[in-house]
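Letter by letter, the chains look like this.
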Amino acid sequence: MLDLLKVNTKKAAEILKQSKHTTAFTGAGISVESGIPPFRGKNGLWSKYDPKILELNYFYEHPKDSWEIIKEIFYDFFGKAQPNRSHKVLAKMEKHNFLQAVITQNIDNLHQEAGSKTVYEFHGTSAKMVCTNCKRKFESEKVHLDKLPPKCIVCGGLLKPDFIFFGEGIPQNAFKKSVEEAENAEVFLLIGSTGLIEPAASIPYKAKYNDAVIIEINPERTVFTEKITDIFLQGKAGKIMLQLEKLLFEK
Ligand code: NAD
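A. Region of interest: the site of the ligand. Near the ligand you find 26 residues, and of these Ala 28, Gln 105, Asp 108, Thr 194 and Asn 218 are the closest. The separation between an oxygen atom of the ligand and a polar main-chain atom of Gly 29 is 3.4 Å. Residue Ile 107 places a main-chain N or O atom 2.8 Å away from an oxygen atom belonging to the ligand. Starting from 850 Å² of accessible surface for the ligand in isolation, the protein chains cover 92%. Tallied by class, residues from the shell around the ligand come to eleven nonpolar, ten polar and five charged. For the shell around the ligand, the domains that each give at least three residues are domain 1 (1-36 + 84-121 + 171-251) and domain 2 (37-80 + 130-169).

B. Just the sheet that holds strand β5 (residues 137-139), in detail. With antiparallel pairing, three strands are arranged side by side in an open sheet as β5-β4-β6. In the strand order of this sheet, the two ends are held by β5 and β6 (159-163), each with one partner. The sheet shows a mean angle of 45° between the axes of neighbouring strands, direction not considered. Two elements, strand β4 (residues 124-131) and β5, share three bridges in a ladder whose sense is antiparallel. Residue pairing in the sheet places Lys 128 in a bridge with Glu 139 of β5. The strands that helix α3 (residues 63-77) touches are β4 and β6; relative to β6, the one it contacts most, it runs at about 40°.

C. Representation of the nonpolar core. Among the nonpolar cores identified, the biggest contains 28 residues, and Leu 54, Trp 67, Ile 70, Ile 73 and Phe 74 are the most heavily contacted of them. Sorting the residues of this core by element identifies α2 (56-61), α3, β4 and β6 as the ones contributing at least two each. Here this core spans two domains, since at least three of its residues come from each of domain 1 (1-36 + 84-121 + 171-251) and domain 2 (37-80 + 130-169). With residues near it in sequence (within four places) discarded, Trp 67 still touches Phe 59, Tyr 75, Met 129, Leu 145, Leu 148, Pro 149, Pro 150, Leu 158, Leu 159, Lys 160 and Pro 161.

D. Summary view of the packing of aromatic side chains. Inspection of every chain in the model, using the stated rule, returns 13 aromatic pairs. Centroid distance Phe 25 to Phe 224: 6.3 Å. Interplanar angle 90°. Geometry classified as edge-to-face. Separated by 199 residues along the polypeptide, Phe 25 in strand β1 (residues 22-26) and Phe 224 in helix α8 (residues 223-227) bring together distant segments of the chain. Both residues of the pair, Phe 25 and Phe 224, count as buried. Look at Phe 39 and Trp 46: their rings are 4.5 Å apart centre to centre, the planes differ by 25°, and that puts the pair in the stacked class. Phe 39 gets classed as partly exposed once you look at its relative accessible area, which sits at 29%. Using a relative accessible area of 17% as the deciding quantity, one classes Trp 46 as buried. Feature note: the residues Phe 59, Tyr 60, Phe 74, Phe 78, Phe 163 and Phe 165 constitute an aromatic cluster, connected by ring pairs. Above the plane of the ring of Phe 249 lies Lys 92, whose end atom (NZ or CZ) is 4.4 Å from the centre.

Each value, and the rule that gives it
Residues numbered from 1 in each chain as written. Predicted model: local features only at pLDDT ≥ 70, side-chain atom pairs only at ≥ 80, totals over all residues. Heavy atoms only, no water. Near = heavy atom within 4 Å. Polar contact = N/O pair within 3.5 Å; in protein donor to acceptor, adjacent residues only side chain to side chain. Areas by Shrake-Rupley, 256 points an atom, 1.4 Å probe, with all protein chains shown as cover. Nonpolar A, V, L, I, M, F, W, Y, C, P; charged D, E, K, R; others polar. Domains from an automatic or database assignment. Pairing = 2+ DSSP bridges. Helix = DSSP H or I, 4+ residues; strand = E, 2+ residues; numbered from the N terminus. Axes fitted to C-alpha atoms, helices over the stretch in contact; angles between N-to-C directions. Contact = heavy atoms within 4.5 Å. Core = buried A, V, L, I, M, F, W, Y, C linked by side-chain atoms within 4.5 Å. Buried < 20%, exposed > 50% of the residue type's maximum accessible area, 1.4 Å probe, protein only. Phe/Tyr/Trp six-rings, centres within 6.5 Å; stacked < 30°, edge-to-face > 60°. Lys NZ or Arg CZ within 6 Å of the ring centre and 35° of its normal.

Okay, here's the thing in structure tokens:
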């Protein structure tokens with residue numbers, strides 16, 4: 001019987017080989033195989049924790065309570081996660097000129113840890129903290145979290161992770177660069193995103209509007225699959241990226 005996934009994976013690899021400008025667009029799904037669950041869904045983080053800890057007002061009014069959960073999720077738990085095969089294959093693709101940039105909605109720093117150089121963090125990063133008073137930024141690994149909430153060593157202001165909380169705007173540079181990528185890409189590789197979080201979800205539509213070929217990897221169909229995807233590779237990212245790696249790099 002014809003193996004449609006195999007046929008489509010080969011087709012995707014051929015298109016990736018021919019593309020002069022490919023951009024990957026990643027969501028929480030790419031980090032699931034690193035042990036980081038997505039926010040929503042049955043085993044999602046919000047089934048265990050209350051998302052109000054990431055609401056700005058709540059954070060300012062209850063910094064200690066918010067920080068106790070933030071530390072547990074984003075530093076104790078995320079901090080132990082390692083990049084998986086999908087992060088590594090993307091880094092290898094960039095090194096060998098099969099990929100020009102990664103736009104990620106993730107805040108876990110795993111693309112950079114895998115070796116990716118051009119990464120636009122649409123929602124910011126947990127790897128840095130920002131002082132809510134003087135706006136100075138600090139490497140998170142240099143900030144002590146034994147006494148909460150952490151304070152700025154320069155002005156004593158409250159520190160906040162440098163990712164966006166609910167209701168905050170997208171970092172300007174990441175937004176601008178992501179739009180440029182969507183305008184320039186010949187191929188857009190969507191991995192592990194439901195496409196429900198705006199304005200991030202609008203970026204692949206811009207790419208499609210600019211005639212990019214949309215290749216999507218996800219175990220489940222998404223709104224992208226229904227509306228803009230040209231080649232849908234259904235499955236876990238680790239398995240599909242391994243196949244793509246073989247097709248791109250093995251002689
Ligand atoms: P999402 O949580 O809405 O959806 C995750 C998607 O990943 C789903 O479509 C699911 O089918 C897919 N998926 C699950 N396992 C997969 C696998 N093994 N391989 C490939 N895909 C898989 O994710 P989202 O659309 O990125 O939105 C959630 C938002 O929450 C993001 O914008 C992000 O900022 C944030 N978030 C980040 C992290 C992280 O940094 N790792 C984790 C959770 C949430």
